[in-house]
Every structure is written in C-alpha cells, then in structure tokens.
Amino acid sequence: MNILVGAAELAPFAKAGGLADVVAALARQWAAMGHRVLVVLPKYRMIDAPEWGFQPIEPAVAVPMGQTVEYARLWLGTLPQSAARVCLLDAPHYFDREGIYGNPEGYPDNDRRYIFLSRALLELAQVLGFSPDILHVHDYHTAVAAELLRRFYRRTPQFYKTASVLTVHNVAFQGITDPARVLPLLGIPWEEFYPGSLWEYYGAVNLLKVGILAADKLSTVSPSYAWEIRHTALGEGLQGVLSVRGADLVGILNGVDYEEWSPERDRYLPVPYSAEFLAGKELNKQRLLTEWAGLPEAEAQAPVPLLGMVTRLTDQKGIDLLLHALEPLVQHLGVRFALLGSGAGHYESFFRYLASRYSRQVFVYIGYNEPLAHRIIAAADFLLMPSRYEPCGLTQMYALRYGTIPIVRAVGGLRDTVRDYDPISGTGWGFCFADYTPEALFGTVQYALSFYGAEPHWERLRRNAMACDFSIRRSAEQYLQLFEWALEKVRAERA
Ligand code: ADP
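Residues numbered from 1 in each chain as written. Predicted model: local features only at pLDDT ≥ 70, side-chain atom pairs only at ≥ 80, totals over all residues. Heavy atoms only, no water.

### Observations concerning the domain arrangement of the protein chain
Taken as a whole, the protein chain is organised into domain 1 (2-255 + 473-494) and domain 2 (279-470). Averaged C-alpha coordinates put domain 1 and domain 2 at centres separated by 33 Å. Taken together, the contact pairs 19 residues of domain 1 with 19 residues of domain 2. When the two sides are added together, the surface that domain 1 and domain 2 hide from each other amounts to roughly 1,400 Å², 56% of it contributed by carbon and sulfur. Of all residues in domain 1, K15, S224 and L253 give up the largest surface area on contact with domain 2, accounting jointly for 26% of the area buried on that side. (Domains from an automatic or database assignment. Contact = heavy atoms within 4.5 Å. Buried area = accessible area lost by both parts, 1.4 Å probe.)

### Regarding the state of the cysteines
As enumerated under the stated definition, the model contains 0 disulfides in all. Cysteine C432 is unpaired, with the sulfur of C468 as its nearest cysteine sulfur at 12 Å. The buried category is assigned to C468, whose relative accessible area is 8%. (Disulfide = S-S within 2.5 Å. Buried < 20%, exposed > 50% of the residue type's maximum accessible area, 1.4 Å probe, protein only.)

### Here's the deal with the pairing of strand 6 (residues 134-138)
With 5 of its 5 residues buried, strand 6 lies for the most part within the structure. Of the two faces of strand 6, the one holding I134, H136 and H138 and the one holding L135 and V137 are both buried throughout. Two strands pair when backbone bridges link them, and strand 1 (residues 2-6) and strand 6 are joined in this way by 4 bridges, in the parallel orientation. Across the sheet, the residue bridging to V5 is H136, located in strand 6. Across 5 bridges, the pairing between strand 6 and strand 7 (residues 163-168) is parallel. Pairing of V137 across the sheet is with L166, part of strand 7. (Helix = DSSP H or I, 4+ residues; strand = E, 2+ residues; numbered from the N terminus. Pairing = 2+ DSSP bridges.)

### Overview of the packing of helix 4 (residues 139-153) against helix 6 (residues 207-214)
Viewed as axis vectors pointing N to C, helix 4 and helix 6 meet at an angle of 45°, and their least axial separation amounts to 7 Å. As summarised for this structure, helix 4 and helix 6 are arranged oblique, according to the angle between their axes. Between helix 4 and helix 6 lies a crossing whose hand is left-handed. Note on element contacts: helix 6 touches helix 4 through L207, L208, V210, G211, L213 and A214, opposite D139, Y140, A143, V144, A146, E147 and R150. Per-class residue counts for the contact of helix 4 with helix 6 are 9 nonpolar, 1 polar and 3 charged. (Axes fitted to C-alpha atoms, helices over the stretch in contact; angles between N-to-C directions. Parallel < 35°, antiparallel > 145°, perpendicular 65-115°, else oblique. Left-handed = near helix turned anticlockwise from the far one by under 90°. Nonpolar A, V, L, I, M, F, W, Y, C, P; charged D, E, K, R; others polar.)

### A short note on the side chain of E70
Relative to the helices and strands, E70 is located in strand 4 (residues 68-78). Taking relative accessible area as the criterion, E70 reaches 13% and is therefore assigned buried. Looking at E70, its side chain comes within polar contact range of the side chain of H93, at 3.5 Å. Reaching out from E70, the side chain makes a polar contact with the side chain of Y94 at a distance of 2.7 Å. (Polar contact = N/O pair within 3.5 Å; in protein donor to acceptor, adjacent residues only side chain to side chain.)

### Some points on the sheet that holds strand 15 (residues 382-385)
Spatially, 14-13-12-15-16-17 is the arrangement adopted by the 6 strands of the open sheet, whose pairing is parallel. Whereas interior strands pair on both sides, the edge strands pair on one side only; in this sheet they are strand 14 (362-366) and strand 17 (431-433). Pairwise comparison of adjacent strand axes, ignoring direction, gives a mean angle of 15° for this sheet. As paired elements, strand 12 (residues 306-313) and strand 13 (residues 336-343) share 8 bridges and run parallel to each other. Bridged to L306 within strand 13 is R336. Most of the contacts of helix 12 (residues 345-357) go to strand 14, to which it runs at about 145°, and overall it touches strand 12, strand 13 and strand 14.

### Topic: the site of the ligand
Within the structure, the ligand sits among 20 residues, and G18, D21, R312, K317 and G367 are positioned closest to it. Taking K317, its side chain carries an N or O atom lying 2.8 Å from an oxygen atom of the ligand. Taken by itself the ligand offers 560 Å² of open surface, and the protein chains cover 93% of this. Here the element with the most residues in the shell around the ligand is strand 12; it accounts for 3 residues. The residue inventory of the shell around the ligand, partitioned by class, reads 6 nonpolar, 9 polar and 5 charged. (Near = heavy atom within 4 Å. Areas by Shrake-Rupley, 256 points an atom, 1.4 Å probe, with all protein chains shown as cover.)

### So, the sheet that holds strand 10 (residues 217-220)
Strand order in the open sheet made by the 9 strands is 3-4-5-2-1-6-7-10-11, with mixed pairing throughout. Sheet topology places strand 3 (55-65) and strand 11 (249-251) at the edges, where each strand pairs with a single neighbour. Along the sheet, successive strands turn relative to each other by an average axial angle of 25°, direction set aside. Inspection of the sheet shows strand 1 paired to strand 2 (residues 36-42) by 5 bridges, in the parallel sense. From the neighbouring strand, I3 faces strand 2, where its bridge partner is V37. Against the sheet, helix 6 contacts strand 7 and strand 10, and its axis sits at roughly 135° relative to strand 7. Of the strands in this sheet, strand 1, strand 6, strand 7, strand 10 and strand 11 touch helix 18 (residues 472-494), which is tilted by about 135° from strand 7.

### Quick word on the nonpolar core
Within the largest apolar cluster, 189 residues are counted, with the highest numbers of intra-cluster contacts made by W30, L89, W199 and F382. The greatest single-element share of this core, amounting to 10 residues, is contributed by helix 1 (residues 18-32). Looking at which domains feed residues into this core, each of domain 1 (2-255 + 473-494) and domain 2 (279-470) gives three or more. (Core = buried A, V, L, I, M, F, W, Y, C linked by side-chain atoms within 4.5 Å.)

See below:
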C-alpha cells in the first residue's frame, strides 16, 4: 500500500508527546512490512535537516491559501533505520519558530499553520508523484485534509482511489477557530456555514470536527477511550459527532517500538538487564540515585521504594492529585520520588519546592530529556500515572517492559493495558484505582508498596509485567485492516 501520513510531530525529529512516538513507530513498521510510506512533517526550527541527512529538492510546492498561493521548500529523507520516507515542509514564516505548538497557550496562528500543513500534504504528494492508497491524518492538525481530499482532490487521477483515515490521539485539542479567518483560507463559501453543518461548531470552526465527519474511517488510540469519547464528558463536546460516526470508529491500542524501549539493548542505560537479570535493574536504580540524585552510595543501596514519573505537567496527567498526596507519601510512607517533566508553571514550582524540602527523597528534573526518561523508567520500582483521562498512554507500556510496576488510574488506555495484581492467583502486573481523589491514589500506592520486595509476589509482578507484549507490530496490522475497510468504503461509494 502507498500510505501518505500527515502529522504535527514525528520522533526523533520533533516530539512533544506520544503522538511523535506512535507516528514514527507505525511508519517504521509499515515500511518493514513492505509498504511505501511517506510522512510529512513541518520543518520546525529544532530540526537540523542536513544533520539528519535530509536533501532539499526542486521544485518547491505551491499551496493554495485562499486567494493566494504560498510556497514551501521540500526536504526529503528517511526515518532513522527505516525505509519510510519523510518530507519536511520548509515554510519559515510558519515553522521557523521556537518549539512545536508554542507553549503553553499555543501560537495565535496555529490554525493557519496547520491548515497550511494539511493543504500542502495533498499538493506535495503531486509534486513527488506519490499516489496514496491511504491518507492517514492525525489529530486536529491535519484532520481537515480529509475534507480537502474529498472536496478538491479526489477527482484528480492521483487521488482517485485514495481513502482517508483520521486518528484521534487526544480529543481535547480541536483547533477551534474563527470562521472569518479560516473559511476564506480553505476556499469554503459562507453559505456552507450554518448550524448543523460540517463547518459550524457553536459559531466557530472546529477543525477536528470537520475531520471526524469527513474521514472515511476513524480511529482512536485505545478501545476504552473510543467508548469514553462517545459516551462521557471526555468527548469534550464532540460526543454527538463521534456517535454519528460510531460505526466507522475503532479503538486501536498504541504500541511500543521495542527496538527503542527494551532494557536489554537500551543505549541510555548504564547497565542493560532482562527478566533473567533483575539485579541489573537494581544497579540502574543505584546509579540513578548516586549519579543523578546525588545520594551517597550507602544511602542509594538502602531498600527504599522509588516511584517514578515521566510526564507532561498538565491537568490531564492528574498532577493536582499529587499536590495533595505526594507529601504524605514521602513523609508517612518514606518513599523516594523521581520526576521528569515540564508544563504548567504552578506544577513545576510545586515539584521544585518539594525537591528542595525533601532533598534526599524527592528528585526533580524540569525539562525535556530523552536519556533521563529511559533511566528513570528503568530505575523506578513503580511508575505513577494518576491521569484524569488518558487516550492511551505510552509510558506505562514502556514501564512494563522494564519491570517497573505501574500504579494508574483506571481510565482510557491505562484501563486497557494495566491489569490489577491478584496475590492469590499471582496474575496481573499493576495497581489501579478508580476515584479521582488523592485518597484513592494514596491508598493504592500504600497497597502496592506492601508487595515491594515481598516474595514471591515482587518477582512475579515484575515477571508478569515484563512478559506483556504491546508491540507496535500488532497496532500496525490493525491499522492496515482499518485501511482495507476504508478503501472498500471508497470503492463502494464510487460504484
Ligand atoms: P502524552 O502523549 O499524553 O504526553 P504518552 O504517555 O502517550 O503521553 O507519551 C509521552 C511520551 O513523551 C513518552 O514517550 C514519554 O517518555 C515522553 N515524555 C514526556 N515528558 C517527557 C520529558 N520531560 N522528557 C522526556 N520524555 C518525555
């Protein structure tokens, strides 16, 4: 199959969260299965294109934006260790800026930046002579391309048979914007903007809604989240629209690229280890505590449980529960806590404060740091994910492979990937709580700690965790099946 992918993030070039990892892992997997994959990504300032081996190509791509045409240079390259091709869209006036989205509020012209990406996606496929079977778009950033395909491009030979699939990684980000700004840019007449129409959403334009209604098939990143966004407030106002498309919406669990995330061959770990050599995990913990946290050797060797977190510091991740529960955990249960994250200022200050107050128990790195992410996930005994909502979550799946026991709120993808440990049967590999309260979090951590070092449970828990298989291969195959259904739908509509 020829698969054209448009996304705002792609690891390792530009990553803010799980979206980058998943888009890259899928592309790599499909390419390895023999499919032709082209991923289009904005050339953000952080991407040193020549350094990654990208070559500029001629001609530039011309992108219709309302009454005018804007141009972007194209750079072609590949994903590292893969045959999947990557095209960088070089439009400095949109993308030569700090960061990806412009944190924390986002750049005021993000609507325009991503409409440009969506339209360029379809134009540059023509420049490159790439005739896709599937147009796979992700989140609001490229969602509108599904409608542009249907409306402007499907009559061209290049896109005659192309089916579109939209994957929603987080329904909370919708690209809600001013119709007076974007309808003219998209070439949509005002007559089409009325309550109940594709383009209208409470007086605004909602780019994600447009994609949801236009794409031939839809997916989201876990079965539980697929249900939650249709039936609960987690749909963030799009429950109705998602329910209309219910028959075309599936939940496909994200997967892990075990080439990147396996303790046996993780280039960032001081000591590689496996389920057969769990002492190696202990050594990683000690090295982290001495080298990074600055504890003396003797103290680092004490059998004190280490809770880890690697996360964006946003309301989604349940950080407000920690505002109440973390200090009691440290004070009364004596745990150590290691956090790597960045995000909202008030959360950052809170963790900095606790790290200074409990300097031998709480260790914090505010910022983004890929090697440290691997080291914390490997070193921790438990990984905490008390999310308010979680479309899928990758970190808990990484943790499992490293024998790090997840303590999670049972929501979305966390519910689908973490099974409670049952000490009677010895099955399960984590600890879940349901209520979104600091008490529930505290109580569950306390219960989980009762298994720390307590054999036979502790070893069984870790072995069960490490035996879980959430490989990206399975996800990639499920997407291919969905692509087949999308193609069938397009064929049937044409007939
Ligand atoms: P989300 O996409 O909602 O942020 P996921 O769990 O799906 O959550 O994915 C998060 C990804 O981002 C993981 O690969 C995690 O390791 C990484 N990550 C998050 N914060 C940081 C950070 N501060 N430094 C390095 N990696 C991070």
